[in-house]
Amino acid sequence: MKSKKVFLKIILISAISVIAIAVLAYFAYGSTLLNPSSEKSVINVLSSNKSNPIDILKIEKYKDYVAVLYTDPTDDKLHFAYFEKAHTIPTDI
């Protein structure tokens, strides 16, 4: 009888641990995605030096793509980057 209770407690603790790890992994992965509606998110993804961030000139959305025209203060050149919808957080929810 006692061993059955111990076994059930171990199963319950294991299940709770697996669920907690899955939830943490989901939110950790979500925090790495690009939110095209947020300039801060785009800057965090594209800036090579976080203390000297990029300057966004234009963000444009077209179908499943997000295009960004920006300058990087480290080289003073125009840069262009685009991202597919699969790499972004859905904004039409």
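This is a predicted model, so every value here is computed, not measured.

Undergrad: An account of a nonpolar patch on the surface is requested, with residue identities and associated values reported.
TA: A surface patch of nonpolar side chains, amounting to about 650 Å² of accessible area, comprises Leu 57, Tyr 65, Leu 69, Leu 78, Phe 80 and Tyr 82. When contributions to the nonpolar patch are tallied by element, the ones reaching two or more residues are β2 (65-71) and β3 (78-84). By residue number, the principal contributor to the nonpolar patch is β3, which donates three residues. When you line up the elements, Tyr 82 lands in strand β3.

Undergrad: Run through the pairing of β3, naming residues and quoting values.
TA: As paired elements, β2 and β3 share seven bridges and run antiparallel to each other. Residue pairing across strands places Ala 67 opposite Tyr 82, the latter belonging to β3.

Undergrad: Outline helix α2 (residues 39-46), supporting the account with residue identities and numerical values.
TA: Looking at α2, one finds that the buried residues are Ser 41, Val 42 and Leu 46. The buried residues of α2 occupy one face: seen down the axis, they fall within an arc of 120°. Tucked inside the fold, the buried residues of α2 contact β1 (55-62), β2 and β3.

Undergrad: Report on the sheet that holds β3, specifying residues and quantitative values.
TA: What the three strands build is an open sheet, ordered β1-β2-β3; its pairing is antiparallel. Two strands lie at the open edges of the sheet, namely β1 and β3, each paired on one side alone. Taken over all neighbouring pairs, the strand axes of this sheet differ in orientation by 15° on average, direction set aside. Of the pairings in the sheet, the one linking β1 to β2 comprises seven bridges and is antiparallel in character. By the bridge assignment for β2, Ile 59 is matched with Val 68. Its contacts with the sheet put α2 on β1, β2 and β3, and the angle it makes with β1 is roughly 110°.

Parameters at a glance
Residues numbered from 1 in each chain as written. Predicted model: local features only at pLDDT ≥ 70, side-chain atom pairs only at ≥ 80, totals over all residues. Heavy atoms only, no water. Patch = residues over 30% accessible without salt bridge, like charges linked within 9 Å, V, L, I, M, F, W, Y side chains within 5 Å. Areas by Shrake-Rupley, 256 points an atom, 1.4 Å probe, with all protein chains shown as cover. Salt bridge = Lys/Arg side-chain N within 4 Å of Asp/Glu carboxyl O. Helix = DSSP H or I, 4+ residues; strand = E, 2+ residues; numbered from the N terminus. Pairing = 2+ DSSP bridges. Buried < 20%, exposed > 50% of the residue type's maximum accessible area, 1.4 Å probe, protein only. Arc of directions from axis to C-beta. Contact = heavy atoms within 4.5 Å. Axes fitted to C-alpha atoms, helices over the stretch in contact; angles between N-to-C directions.

Note that all results are geometric; they support no functional claim without further evidence.
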